[in-house]
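# Structure assessment
Below, each chain spelled out in residue letters.
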Amino acid sequence: MVNNKCIFIAIKPHGMQCNFVGEIIKPFEQKGFCLIAMKLIQASEDLLKEHYIDLKDCPFFASLVKSMQSGPGVSMVWEGLKVMKTGRVMLRGTKPMNSRPGTIHGDFCIQVGRNITHCSDSVESAEKEMGL
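The following paragraphs examine the structure supplied in this document. The model shown is predicted, which means the values in this text are computed figures rather than measured ones. (Residues numbered from 1 in each chain as written. Predicted model: local features only at pLDDT ≥ 70, side-chain atom pairs only at ≥ 80, totals over all residues. Heavy atoms only, no water.)

## A few points about the overall build of the protein chain
Secondary structure assignment for the protein chain yields seven helices and four strands. Relative to the 2.2 N^0.38 estimate, which gives 14 Å for 132 residues, the radius of gyration of the protein chain is 14 Å and therefore close to what a compact globule would have. Expressed along its principal axes, the backbone C-alpha trace of the protein chain runs to roughly 35 × 35 × 25 Å. Per-residue burial for the protein chain yields a buried fraction of 40% across its 132 residues. The long-range fraction of contacts in the protein chain, counting pairs at least 24 apart against all pairs at least 6 apart in sequence, stands at 73%. Of the roughly 7800 Å² of accessible surface on the protein chain, 54% is carried by carbon and sulfur atoms. Side-chain charges of the protein chain comprise 16 positive and 13 negative groups, with the mean position of each set lying 7 Å from the other. (Helix = DSSP H or I, 4+ residues; strand = E, 2+ residues; numbered from the N terminus. Rg over C-alpha atoms; globule rule 2.2 N^0.38 Å. Buried < 20%, exposed > 50% of the residue type's maximum accessible area, 1.4 Å probe, protein only. Contact = heavy atoms within 4.5 Å. Areas by Shrake-Rupley, 256 points an atom, 1.4 Å probe, with all protein chains shown as cover. Lys, Arg positive; Asp, Glu negative; His and termini not counted. Charge placed at Lys NZ, Arg CZ, Asp CG, Glu CD.)

## Remarks on helix 5 (residues 83-91)
Of all the residues in helix 5, the buried ones are Val83, Met84, Gly87, Met90 and Leu91. Taken down its axis, helix 5 places every buried residue within 130° of arc, on the same side. Buried-residue contacts for helix 5 involve strand 1 (6-11), helix 2 (21-31), strand 3 (73-79), helix 6 (104-108), strand 4 (117-119) and helix 7 (123-131). Positive phi appears at arginine 92, one or two residues downstream of helix 5, with a value of about 70°. (Arc of directions from axis to C-beta.)

## Observations concerning the environment of valine 21
As for its placement among the helices and strands, valine 21 is situated in helix 2. Separated by 52 residues in the primary sequence, valine 21 and glycine 73 place their C-alpha atoms 9.5 Å from one another. Setting aside residues no more than four positions away along its own chain, valine 21 makes contact with Ile11, Gly15 and Met16.

## With respect to the sheet that holds strand 4
Read across the sheet, four strands follow the order 2-3-1-4 without closing on themselves; strand pairing throughout is antiparallel. Single-partner strands in this sheet number two, and they are strand 2 (34-41) and strand 4. Each strand axis lies, on average, 20° off the axis of its neighbour in the sheet, ignoring direction. Sheet topology places strand 1 next to strand 4; three bridges connect them, and they run antiparallel. Its bridge partner lying in strand 4, isoleucine 9 is registered against cysteine 119. Sitting on the sheet, helix 2 is in contact with strand 1, strand 2, strand 3 and strand 4, with an inclination near 0° to strand 3. Against the sheet, helix 7 touches strand 1, strand 3 and strand 4, its axis set at about 55° to strand 1. (Pairing = 2+ DSSP bridges. Axes fitted to C-alpha atoms, helices over the stretch in contact; angles between N-to-C directions.)

Listed below in structure tokens is the structure:
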């Protein structure tokens, strides 16, 4: 059972291709969060379409699925006090150019179509994503 002390975070294929895995994990460890699950995955088209079903009507949906299939990614579950709120602040948004330096997206991303991470935005989405 997922609780408000867990978050799902995925390192997308672009983050893997740029060798940012350690750089993404390190701040969560330094903050004191506990990595309770981690899996290297090459996501299928069906899995990605289910994962991003809430975006299915967006014009970028097909390119998102294609980008996510470009290589393996890392799926993780982190646990800790206020990890949902804190984790989202640490990653900071989907628009890298609006992300502050010192955040993962602010330091390592340059364009929306090549974001390096995904994270749950609610307890409900974390529960769904962990199930996938």
